[in-house]
Amino acid sequence: MTTITSPTNTIDPYSPGAAASARHYLHHLNPLSKVASVLPAMILLIFVRDITTPLCFIALSYALLLTGARLTARSLALLLIAVPAGIAVLALGFSIWVDASGVAETAPLLRIGGWTLHTGALRIGLATALRLAAILSLALIGGLTTTGPDLVRSSIQQLRVPYRIGYTALAAYRFVPRFGYELSVIRAAHRVRGTHGGRGPLARIARGWGYIVPLLAGAIRHAERVALAMDARAFGAHPSRTERYLVPFRARDIVFIVLVLAASAAIFTLPLLPGLIPAPQAALIP
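Residues numbered from 1 in each chain as written. Predicted model: local features only at pLDDT ≥ 70, side-chain atom pairs only at ≥ 80, totals over all residues. Heavy atoms only, no water.

1. Regarding the overall build of the protein chain
Summing up its helical and strand segments, the protein chain has nine helices and two strands in all. Counting from the amino terminus, the protein chain carries its helices and strands in the arrangement α-α-α-β-β-α-α-α-α-α-α. A total of 286 residues make up the protein chain; the buried ones form 30% of that total. Approximately 18,100 Å² of the protein chain is accessible, and the part contributed by carbon and sulfur atoms is 69%. (Helix = DSSP H or I, 4+ residues; strand = E, 2+ residues; numbered from the N terminus. Buried < 20%, exposed > 50% of the residue type's maximum accessible area, 1.4 Å probe, protein only. Areas by Shrake-Rupley, 256 points an atom, 1.4 Å probe, with all protein chains shown as cover.)

Here it is as structure tokens:
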């Protein structure tokens, strides 16, 4: 007779997780400091039209991530392969949509029949792609080094966000991986029973339709358990609650904000040798 055993160790999804080494300084900063330091630059980058400014912000973001973040192989692939490939694809795509009459004075780069790709259009497309990549790379400073629970805790503790809103949103966010786990269990159960076998699009649709009812039933049961657990802990009965895990705002967070804001101001204001990399607007000037 075979006995099936299940692991007894449980993992607290709201725990701080494994501690990062001292070299990975971004993981030791308050989540709000990483948001406050890059948010002004992300907003101002929307109105930038040159090439040099977003390039400088991409270099700044990569320098911070490569020196202060605990990067996995997937994160490195995102930074070193996916982002450059995305810049190339977006630059080409945006250059095709540029009005040819506005860049007709620039040198032609590619001719296909009656269509011509001018260098001015490519510069404009490259500037737009780099601007989007710069905003993304700045967002990755906090995205790759901050967990959702820590961001909620810091918002409640420092920004005084009502805990009813913060922890309710966090509980709803935790439903997503739970649904993924339940869907994998339902799929495994259907495979064991041989339900909706076969191949092809019709069989795939039939299998997907068979997942809906048990997945909804599991979601309702999980929502009821979460609601009962919150009621048992008197959630919402008092204006404030004690915190099991504290996310302090230290002096190093202020230093990080000041340094990043100073670097951002320098990139926006210092002369950046405009003759070295011409701005895309120059292609519109006859």
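2. Thoughts on the pattern of salt bridges
As enumerated under the stated definition, the model contains two salt bridges in all. Between Asp 150 and Arg 153 there is a salt bridge, with its nearest N and O atoms 2.7 Å apart. Of this pair, Asp 150 and Arg 153 both sit in helix 5 (residues 148-157), three residues apart, which is roughly one turn of the helix. (Salt bridge = Lys/Arg side-chain N within 4 Å of Asp/Glu carboxyl O.)

3. As for the packing of helix 2 (residues 52-68) against helix 3 (residues 73-97)
Contact geometry of helix 2 with helix 3 gives a least axis separation of 11 Å together with a crossing angle of 165°. Compared by their axis directions, helix 2 and helix 3 come out roughly antiparallel. Where helix 2 crosses over helix 3, the two elements pack in a sense that is right-handed. Contacts between helix 2 and helix 3 involve Ile 58, Tyr 62, Leu 65 and Leu 66 on the former and, on the latter, Leu 76, Leu 79, Leu 80, Val 83, Pro 84 and Ile 87. (Axes fitted to C-alpha atoms, helices over the stretch in contact; angles between N-to-C directions. Parallel < 35°, antiparallel > 145°, perpendicular 65-115°, else oblique. Left-handed = near helix turned anticlockwise from the far one by under 90°. Contact = heavy atoms within 4.5 Å.)

4. Some remarks on the side chain of Ser 264
Residue placement: Ser 264 occurs in helix 9 (residues 251-269). Overall, Ser 264 belongs to the buried group, its relative accessible area being 6%. Contact partners of Ser 264, with chain neighbours within four places excluded, come to Ala 41 and Phe 57.

5. Description of the nonpolar core
In terms of nonpolar packing, the biggest core is built from 29 residues, with Leu 26, Phe 57, Ile 58, Leu 65, Ile 87, Leu 138 and Ile 141 touching the most fellow members. Of all the secondary-structure elements, those providing two or more residues to this core are helix 1 (31-44), helix 2, helix 3, helix 4 (119-143) and helix 9. Ranked by the residues each element gives to this core, the list is headed by helix 4, at eight residues. Residue contacts for Ile 87: discarding those within four places in its chain leaves Ile 58, Leu 126, Ala 129, Leu 130 and Ala 133. (Core = buried A, V, L, I, M, F, W, Y, C linked by side-chain atoms within 4.5 Å.)

6. Quick word on helix 7 (residues 175-193)
For helix 7, which comprises 19 residues, the first-to-last C-alpha distance of 27 Å matches the rise-based estimate of 27 Å (1.5 Å per residue) to within 8%. The complete set of buried residues in helix 7 reads Phe 175, Glu 182, Ile 186 and His 190. Projection of helix 7 onto a plane perpendicular to its axis shows the buried side chains occupying an angular sector of 80°, all on one side. Along helix 7, exposed side chains directed more than 90 degrees from the buried face belong to Tyr 181, Arg 191 and Val 192. Following helix 7 by one or two positions, Gly 194 has its phi on the positive side, about 75°. (Expected span 1.5 Å × (residues − 1). Arc of directions from axis to C-beta.)

7. Things to note about helix 3
The end-to-end C-alpha distance of helix 3 is 35 Å, a good match for the 36 Å that 25 residues give at a rise of 1.5 Å each. Residue Ala 82 marks the point of greatest curvature in helix 3, where the axis turns by about 35°; the proline Pro 84 follows within four residues. Along helix 3, the positions that sit buried rather than exposed are Ser 75, Leu 79, Val 83, Ile 87, Ala 91 and Ser 95. Looking at the buried positions of helix 3, the neighbouring elements they touch are helix 2, strand 2 (115-118) and helix 4. (Bend = angle between axes of the 7 residues up to and from the residue.)

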